[in-house]
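Summary of structural features
What follows is each chain in one-letter form.
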Amino acid sequence: MKKLILFIGGAVLLLTGCSAPVEEPTSDNLVPGVFINEVPKGDFENLKLEDFPSNDAGRAHGVAVADDAIYVMADPYLLKYSLEGEMIAYADPKILPCGVDVAKIGEKLFVACREEGIYEIDLVKNEIAYNYTKADGLEEYQNPEFAVQDKTLWVGTFDGIAKIDTDTRKVTFYNDELGFEGTHLSSGVYSRGNNVWAIVSANAYNGGGAGYYNEEGTWTF
């Protein structure tokens with residue numbers, strides 16, 4: 001069993017083995033896929049501080065709780081912790097170099113990235129399965145924020161609310177449909193049970209307010 005020791009703010013990450021000598025890790029013997037369990041040290045002399053994962057890397061915002069792990073978003077790193085609080089892996093920044101929010105639905109992990117859309121990670125295969133972008137109807141993703149309702153992923157954006165059916169990958173985007181007067185609807189979205197609300201922040205282009213999503217699929221301002 002390997003134990004990962006992380007020195008936050010420092011430039012040292014050590015991996016020690018409990019029995020056999022530790023083989024110098026390369027890209028060949030790391031756990032493959034999105035999540036890796038060691039910092040690749042093949043070019044150790046040229047590693048920079050930003051090559052080491054840290055929860056101080058950026059704005060620690062999103063958290064997703066699974067049955068066996070906790071995923072913490074610390075842009076640009078996505079960190080994976082055991083339920084006991086030990087960091088056990090992190091998303092390879094060469095594969096997933098961004099992230100501002102994270103949500104888990106079934107065996108899928110969704111990661112919101114500024115300018116790049118939303119990544120769907122297959123946790124079983126440890127690989128990126130899909131990338132939602134404007135081509136799918138996700139009209140805006142400057143600063144996406146998540147809310148989960150069963151198998152639906154709601155996304156608040158700077159210009160409205162997106163609804164993603166994670167089974168079919170169908171994206172529905174609500175802007176004018178929200179019923180708010182004005183434009184530039186910087187929106188947060190919240191869900192609990194069958195209730196879904198959008199909160200629009202007031203700015204120079206609209207007066208702000210709240211909207212409720214009903215069972216008929218429409219919004220009430």
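Placed above this text is the structure.
Criteria and cut-off values
Residues numbered from 1 in each chain as written. Predicted model: local features only at pLDDT ≥ 70, side-chain atom pairs only at ≥ 80, totals over all residues. Heavy atoms only, no water. Helix = DSSP H or I, 4+ residues; strand = E, 2+ residues; numbered from the N terminus. Buried < 20%, exposed > 50% of the residue type's maximum accessible area, 1.4 Å probe, protein only. Polar contact = N/O pair within 3.5 Å; in protein donor to acceptor, adjacent residues only side chain to side chain. Contact = heavy atoms within 4.5 Å. Phe/Tyr/Trp six-rings, centres within 6.5 Å; stacked < 30°, edge-to-face > 60°.

**Overview of the side chain of T166**
- Structurally, T166 is set in the loop between β14 (160–165) and β15 (170–174).
- With relative accessibility at 2%, the residue T166 sits in the buried group.
- For T166, the side chain forms a polar contact with the main-chain oxygen of K151, separated by 2.5 Å.
- Those residues in contact with T166 that sit more than four places away from it in its chain are I105, K108, F110, K151 and L153.

**A short note on the packing of aromatic side chains**
- Taken as a whole and judged by the stated rule, the model has eleven aromatic pairs.
- For the ring pair F35 and Y71, a centre distance of 5.5 Å and an interplane angle of 55 degrees mean the geometry is tilted. Separated by 36 residues along the polypeptide, F35 in strand β3 (residues 35–36) and Y71 in strand β5 (residues 70–74) bring together distant segments of the chain. Pair check on accessibility: F35 and Y71 agree, each one buried.
- Ring centres 4.9 Å apart and planes at 85 degrees place the aromatic pair F180 and F221 in the edge-to-face group. In this pair, F180 sits in the loop between β15 and β16 (187–192) while F221 sits in the segment after β19 (219–220), placing the two residues 41 residues apart along the sequence.
- Residue classification places F180 among the buried residues on the basis of a relative accessible area of 8%.
- Judged by relative accessible area, which is 55%, F221 ranks as exposed.
- Every member of this aromatic cluster is reached through a ring pair, and the members are W154, Y174, Y213 and W219.

All quantities given are derived from atomic positions and should not be read as evidence of function.
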